[in-house]
Structures are given as C-alpha cells and as structure tokens.
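Architecture at a glance
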Amino acid sequence: MELEDGTILKESLVILQYLEDRFPEPRVSARDPKQRAIENMFTVMCSDFTNAGYYMVMNQDRSKQQNLRDKLLSIYANMDAFLVRHGEGQGPFLFEDFGWSEVVFTPMLMRFWFLDYYEGFALPEESRFARVRVWRDACLKHPDTQQTSKEEIVKLYYDYAKGAGNGSLLPRRTVSSFAFKPHWKSRPWPPAEKYDTGATDAELGLIE
C-alpha cells in the first residue's frame, strides 16, 4: 500500500493494523483487552496455516501428498480446539461478530480453494473439525468477503499448482497465469490434474 506521502507499507497484517489505526470506526478488532489478546493468539496461527497450504499446492511430488495433507489437517484441528476453548456467544465466529480474526484468516480460506481443486482437499467429517468448519463456512459466506470467487482463485493460481510462484514462468510457457490479460473470466478452467501434465498457454486461455 502506498500512502499519500509515498511511504510503502508491506505485509497484510501491517496494512490491516494501519487501516485499523487510521480509520478506527467502525472498529474491527475487539475493544476489550482480553478479547484482543485472544484474537492475537488466534491470528498467530495464520502463518503456519498459510505456509502449510502453500507447501501443499506447490508440491510436485506425489509421495509427499499425504504428509502435507496431514500437516494442514493438524493445524485445522488446533484451530478447532482454539475456537472451542475461546469462542464466545452462540454465533459461528470467534466472538459475536465477524471481526479481526476473521478478517485475517478469510483471504487464506478463500485462497485455499486451490487445494480443493488441485489437491482434492476437504475437511473430513470428523468431530475434531466440526467447530472450525462452521467458522470457515461462515467466513466464506459473509457479505463482506464476496469480492473473490473460487473460479478466479483456481485460474490465477494454476502456476502455483505447478510449482511456480510469484509470477515466475514454467518451462515452455510465455505468460503467467497471474497475467491481467486475457481477463480470468474469459479463460477456460485449468486441468485439475497437476502432477502428470502441464497445460500450455493456449490451453489456459492466456493467448488472445
């Protein structure tokens, strides 16, 4: 984020805190110090959660799939236990409303649609994931989180699923799946199979 004086802010949590400090109303983070501390404890878990998801989608070795899946599931289980222990009220969120924790995690929850598509990942129907599933689903359905769709995530992150991140090009490719043009809406859905073959620029609809 570039500020009016040219200062550049980096890292999503830094930007979120800046916006919270500069525009304190309506407040997103909890006003109560104890609740704020609980929020912060929960959001600390987002780093491991994010890393686990990205390691999983970028993995190109089938033999590592199960270990990476188990790692992500263990983090989900820890998040579930946290929500059970510290969650307040009768609603689906950590506290009464969609708040700081939800704002921090939801972009990752949405991005992990690439795991559903490219890795066939789904939370098992087990009691250890019951609370976090309700929380995740509520975050994804909240009116303020509808700017991005699964289709957009899946199409843009195809190269990540093939092991190429941050706009880097794969062999025999000339256009990144993160390219602004052609618009993602005009592109076909990429192949869900990521381990055996790779789609061409033309197959991905990246050549106008």
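Structural data are supplied above this passage.
Analysis parameters
- Residues numbered from 1 in each chain as written.
- Predicted model: local features only at pLDDT ≥ 70, side-chain atom pairs only at ≥ 80, totals over all residues.
- Heavy atoms only, no water.
- Core = buried A, V, L, I, M, F, W, Y, C linked by side-chain atoms within 4.5 Å.
- Buried < 20%, exposed > 50% of the residue type's maximum accessible area, 1.4 Å probe, protein only.
- Helix = DSSP H or I, 4+ residues; strand = E, 2+ residues; numbered from the N terminus.
- Contact = heavy atoms within 4.5 Å.
- Polar contact = N/O pair within 3.5 Å; in protein donor to acceptor, adjacent residues only side chain to side chain.
- Phe/Tyr/Trp six-rings, centres within 6.5 Å; stacked < 30°, edge-to-face > 60°.
- Lys NZ or Arg CZ within 6 Å of the ring centre and 35° of its normal.
- Expected span 1.5 Å × (residues − 1).
- 1 Å grid on protein atoms, 1.4 Å probe; cavity = no way out; pocket = protein on both sides within 12 Å on 5 of 7 lines; lining within 4 Å.
- Points joined across faces, edges and corners; volume = space filled by probe spheres on them.
- Nonpolar A, V, L, I, M, F, W, Y, C, P; charged D, E, K, R; others polar.
- Axes fitted to C-alpha atoms, helices over the stretch in contact; angles between N-to-C directions.
- Parallel < 35°, antiparallel > 145°, perpendicular 65-115°, else oblique.
- Left-handed = near helix turned anticlockwise from the far one by under 90°.

Further remarks concern the nonpolar core. Nonpolar side chains in soluble globular proteins generally cluster together in the buried interior. With 53 residues, the main nonpolar core has Phe49, Tyr76 and Trp135 as its most contacted residues. Counting only elements with at least two residues in this core, the list comes to helix 2 (33–58), helix 3 (65–86), helix 4 (100–111), helix 5 (113–119), helix 6 (130–141), helix 7 (150–156) and helix 8 (158–161). Not counting residues up to four positions away in its chain, the partners in contact with phenylalanine 49 are Leu72, Ile75, Tyr76, Met79, Phe105, Met108, Leu109 and Phe112.

Before going further, it helps to examine unusual backbone geometry. The amide bond that connects glutamate 25 to the next residue, proline 26, takes the cis arrangement and shows omega of -5°. Inspection of the secondary structure assignment puts proline 26 in the loop between helix 1 (12–22) and helix 2. Cis rather than trans, the peptide bond between lysine 181 and proline 182 has omega equal to -5°. Tracing the backbone shows proline 182 in the segment after helix 8. Here the phi dihedral of glutamate 11 falls at roughly 80°; this positive angle occurs in a residue that is not glycine. Despite not being glycine, asparagine 166 has its phi angle at roughly 60°, a positive value. Mapped onto the elements of the fold, asparagine 166 is located in the segment after helix 8.

Among the secondary structure elements, serine 176 is positioned in the segment after helix 8. For serine 176, a relative accessible area of 12% puts it in the buried group. In terms of polar contacts, serine 176 uses its side chain to reach the backbone amide nitrogen of phenylalanine 178, at 3.0 Å. Apart from residues no more than four positions distant in its own chain, serine 176 is found in contact with Asp159, Gly167, Leu169 and Leu206.

Moving on to the packing of aromatic side chains. If you walk through the whole model with that rule in mind, you get 20 aromatic pairs. Ring geometry for tyrosine 54 versus tyrosine 160: centroids 5.6 Å apart, planes at 75°, classification edge-to-face. Separated by 106 residues along the polypeptide, tyrosine 54 in helix 2 and tyrosine 160 in helix 8 bring together distant segments of the chain. The exposure class of tyrosine 54 is buried, given its relative accessible area of 15%. Taking relative accessible area as the criterion, tyrosine 160 reaches 8% and is therefore assigned buried. Across from the ring centre of tryptophan 100, 4.6 Å away, lies the NZ or CZ of arginine 36, which sits over that ring.

Here helix 6 is 12 residues long and its end C-alpha atoms lie 17 Å apart, about the 16 Å a rise of 1.5 Å per residue gives. Among the residues making up helix 6, those that are buried are Arg131, Val132, Arg133, Trp135, Arg136, Ala138, Cys139 and Leu140. Among the structural elements, helix 2, helix 3, helix 4 and helix 5 are those in contact with the buried residues of helix 6.

Moving on to the side chain of histidine 86. Positionally, histidine 86 belongs in helix 3. With sequence-adjacent residues up to four places away left out, histidine 86 is seen in contact with Ile38, Met41, Leu94 and Phe95.

Attention now moves to empty space enclosed by the protein. Counted by the stated rule, this structure contains one cavity of 30 Å³ or more. What the largest cavity holds in volume is close to 40 Å³. Taken together, Lys155, Tyr158, Ser177, Arg187, Pro188, Pro190 and Leu204 form the lining of the largest cavity. Of the residues belonging to the lining of the largest cavity, the class tally is four nonpolar, one polar and two charged.

All right, on to the packing of helix 2 against helix 3 then. As a packed pair, helix 2 and helix 3 sit with axes 9 Å apart at the nearest point and diverge in direction by 165°. One finds that helix 2 runs roughly antiparallel with respect to helix 3. Crossing angle aside, the handedness with which helix 2 passes helix 3 is left-handed. Between helix 2, through Ile38, Met41, Phe42, Met45, Asp48, Phe49, Ala52, Gly53, Tyr55 and Met56, and helix 3, the contact on the second element is made entirely by Leu68, Arg69, Lys71, Leu72, Ile75, Tyr76, Asn78, Met79, Phe82, Leu83 and His86. Of the residues in the contact of helix 2 with helix 3, the class split is 15 nonpolar, three polar and three charged.

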